[in-house]
Amino acid sequence: EGTGAYFLDRLDDGVWRLEVYPAAAWVVDPFTRPSLAREAARVLWRTRSMRITLPDLGPDFSAQPVNAGNEHRPQVQAGTFDVRPGAYVLTAAGAAHPDWTPETVIGRRRLGAFVAPPSSEAPTAVVHAPPAEVYAGEPFTVFADVVSQVPVDSVALFVRKVGEWRRTLRLPMEPAGAFVYQVQVPAERTREGLVEYAVSVYENGQVRTFPGDDLGDPYRWDFTGREYWQAQVVAAGTPLLLFDGRRDLEHVLYPHPWEYVRFQIDIVSGSEPDRLALSAVVQDFTPSPHHFALRTFLPEGQRTRLGEAASDGVLRIRARAAERASDRMEVALVERDGTAWATVVELKDAWQEFAIPVSELRPTPLALLPRPFPQFLPYLWESTSTREGPQLAELDGLQFSVGADLFQGDELEGAHGFEIERVVLDHKP
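The structure displayed is predicted, hence computed values, not measured ones.

Caption draft 1: Geometry of the overall build of the protein. For the protein, the count of helices and strands is zero helices and 34 strands. Across the protein, contacts joining residues at least 24 apart in sequence account for 69% of those joining residues at least 6 apart. For the protein, the computed accessible surface area is about 22500 Å², with 50% contributed by carbon and sulfur atoms. Positive and negative charge centroids in the protein, built from 42 and 60 side chains respectively, lie 4 Å apart.

Following this line, the structure appears as structure tokens:
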């Protein structure tokens, strides 16, 4: 049930050595900017349930701790037992028990050798990424990691429609393995608009509510917490926003600025007052790799509706040329395995919306960003997939690119660029 590593080594007929390491749990997104001043992960020495089924061990084996300081002696029932981090010798019922001690050397290693980092001394944390959107009139499930030193007493979700604070619903959350707790929000609570929720953790006679880590829960009259996770509730069939110049500023992967074509990136005004666009201009395609690309990625919360995306839908792209009256760019859907499916659009210096059927997208190479090193490694990667179209449920993000191969003759000269405001996947052709 835990998230730690374990090793099983066969020592003799019906005799095995088990080594269990403590659980590791992220408490922040591991892909954010690193810092030695910020906690990113925790090590937790928790007792967890484990089941072992090995032919020569059978279901009625014994487990004997052998590392120093380990007094935990698990009781095995049908191959299942509670285990703490440490080293153990597992012996099948009726098997001859070797005359071993923790100091016995087997394979140049002491039988009782065990080294692991100490348990992190930190208060309980709740880690959760809310879905960007859920469907109106349909239930949805909330998963949250409750990272704690010991099992907590209970966990509850408090959910309400934004603006209806007097109608907050309390839902008990159930353990779902490792540190995960889950609960389903009923359909009657998912009306179009915004739904917000918080997770309250009850332990040691206290309750704290996340994401704000506030004392108490929303049912208390003196609860002062104001932080909630939010999700937009949309009607079925609502177009799926894949990229937005304002929303996704932190979800863009840029090329390495050295040993590359000369380029300039900017954030500019979009087609309407409240919109922004991502601008990219390439000064010259002469230097290798004669190609420029940007990649965006979809966080897990923005992938929740991809499973229902229709393969006969339409990709709607709002973009314009950045440096000249007309230009070209390639827009591609990128799947999790790196397979990319693209179309080329003809840009003007005025904003346009392009409607491209998903069925018309064709395979294209994926730019490996920020740039492979050493530099003799290929910059473009071509998938070997034999599929005839994209798997929208596996969509990871988008690629926006321009390259020398898009232009001929005098078209190639001078700067080329684009401004991209948004990309939407519409279910309706």
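Caption draft 2: Just the packing of aromatic side chains, in detail. Scanning all chains against the criterion turns up 14 aromatic pairs. Ring centres 6.4 Å apart and planes at 65° place the aromatic pair Tyr 260 and Phe 292 in the edge-to-face group. You can see Tyr 260 sitting in the loop between strand S22 (252-253) and strand S23 (263-269) and its partner Phe 292 sitting in strand S25 (residues 291-297), a full 32 residues away along the chain. Like Tyr 260, the residue Phe 292 is buried in the burial classification. Put simply, the rings of Phe 7, Tyr 21, Trp 45 and Phe 114 pair up and form one aromatic cluster. For Arg 160, the ring lying beneath its charged end belongs to Tyr 228, and the centroid distance is 4.3 Å.

Caption draft 3: Spatial organisation of the side chain of Glu 19. Checked against the element boundaries, Glu 19 lands in strand S2 (residues 15-20). Taking the relative accessible area as the measure of exposure, Glu 19 reaches 2% and is therefore buried. One polar contact links Glu 19 to Tyr 21, side chain to side chain, over a distance of 2.6 Å. In terms of polar contacts, Glu 19 uses its side chain to reach the side chain of Arg 109, at 2.9 Å. Not counting chain neighbours up to four residues away, the residues in contact with Glu 19 comprise Ala 5, Tyr 6, Phe 7, Gly 86, Ala 87, Arg 109, Ala 113 and Phe 114.

Caption draft 4: Representation of the sheet that holds strand S1 (residues 6-12). Strand order in the open sheet formed by four strands is S1-S2-S8-S6, with antiparallel pairing between adjacent strands. Each edge of the open sheet is held by one strand with a lone partner, namely S1 and strand S6 (62-65). Neighbour-to-neighbour, the strand axes of this sheet turn through a mean angle of 25°, independent of strand direction. Sheet topology places S2 next to strand S8 (residues 86-91); six bridges connect them, and they run antiparallel. Counterpart to Leu 18 in the pairing with S8 is Tyr 88.

Caption draft 5: The arrangement of the sheet that holds S22 in detail. Taking strand neighbours across the sheet as the criterion, the six strands line up as S22-S25-S33-S27-S28-S30 in an open arrangement whose pairing is antiparallel. Each edge of the open sheet carries a strand with a single partner, namely S22 and strand S30 (362-364).

Caption draft 6: Highlighting the environment of Asp 349. Checked against the element boundaries, Asp 349 lands in the loop between strand S28 (340-348) and strand S29 (352-357). When the C-alpha positions of Asp 349 and Ala 319 are compared, they lie 9.1 Å apart, and in sequence the two are 30 residues distant. Leaving out residues up to four positions away in the same chain, Asp 349 has contacts with Arg 320, Ala 321, Arg 324 and Ala 325.

Caption draft 7: The arrangement of the pattern of salt bridges in detail. The tally for this structure, following the rule as stated, stands at 23 salt bridges. The residue Glu 419 makes a salt bridge to Arg 320 at a minimum N-O spacing of 2.8 Å. Of the two residues, Glu 419 sits in strand S34 (residues 416-426) while Arg 320 sits in strand S26 (residues 314-321), which places them 99 residues apart along the sequence. Under the relative-accessibility criterion, Glu 419 is labelled buried at 8%. Salt bridges sharing partners connect three or more residues here, namely Arg 10, Asp 13 and Asp 56.

Caption draft 8: Structural view of the side chain of Thr 91. With respect to the helices, strands and loops of the structure, Thr 91 is situated in strand S8. The exposure class assigned to Thr 91 is buried, which follows from its relative accessible area of 4%. The contact partners of Thr 91, leaving out residues within four places of it in the chain, are Gly 14, Val 15, Leu 57, Phe 61, Ser 62 and His 97.

Caption draft 9: Summary view of the nonpolar core. Of all hydrophobic cores here, the largest spans 44 residues; its most connected members are Leu 242, Ile 317 and Phe 418. Ignoring sequence-local partners within four residues, the contact set of Phe 418 consists of Leu 278, Ser 279, Ala 280, Phe 292, Leu 294, Arg 320, Ala 322, Met 329, Leu 347, Phe 400 and Val 402. Counting 23 residues, the second-largest nonpolar core is a separate cluster that includes Val 142, Tyr 181, Phe 210 and Trp 229.

What counts, and at which threshold
- Residues numbered from 1 in each chain as written.
- Predicted model: local features only at pLDDT ≥ 70, side-chain atom pairs only at ≥ 80, totals over all residues.
- Heavy atoms only, no water.
- Helix = DSSP H or I, 4+ residues; strand = E, 2+ residues; numbered from the N terminus.
- Contact = heavy atoms within 4.5 Å.
- Areas by Shrake-Rupley, 256 points an atom, 1.4 Å probe, with all protein chains shown as cover.
- Lys, Arg positive; Asp, Glu negative; His and termini not counted.
- Charge placed at Lys NZ, Arg CZ, Asp CG, Glu CD.
- Phe/Tyr/Trp six-rings, centres within 6.5 Å; stacked < 30°, edge-to-face > 60°.
- Buried < 20%, exposed > 50% of the residue type's maximum accessible area, 1.4 Å probe, protein only.
- Lys NZ or Arg CZ within 6 Å of the ring centre and 35° of its normal.
- Polar contact = N/O pair within 3.5 Å; in protein donor to acceptor, adjacent residues only side chain to side chain.
- Pairing = 2+ DSSP bridges.
- Axes fitted to C-alpha atoms, helices over the stretch in contact; angles between N-to-C directions.
- Salt bridge = Lys/Arg side-chain N within 4 Å of Asp/Glu carboxyl O.
- Core = buried A, V, L, I, M, F, W, Y, C linked by side-chain atoms within 4.5 Å.

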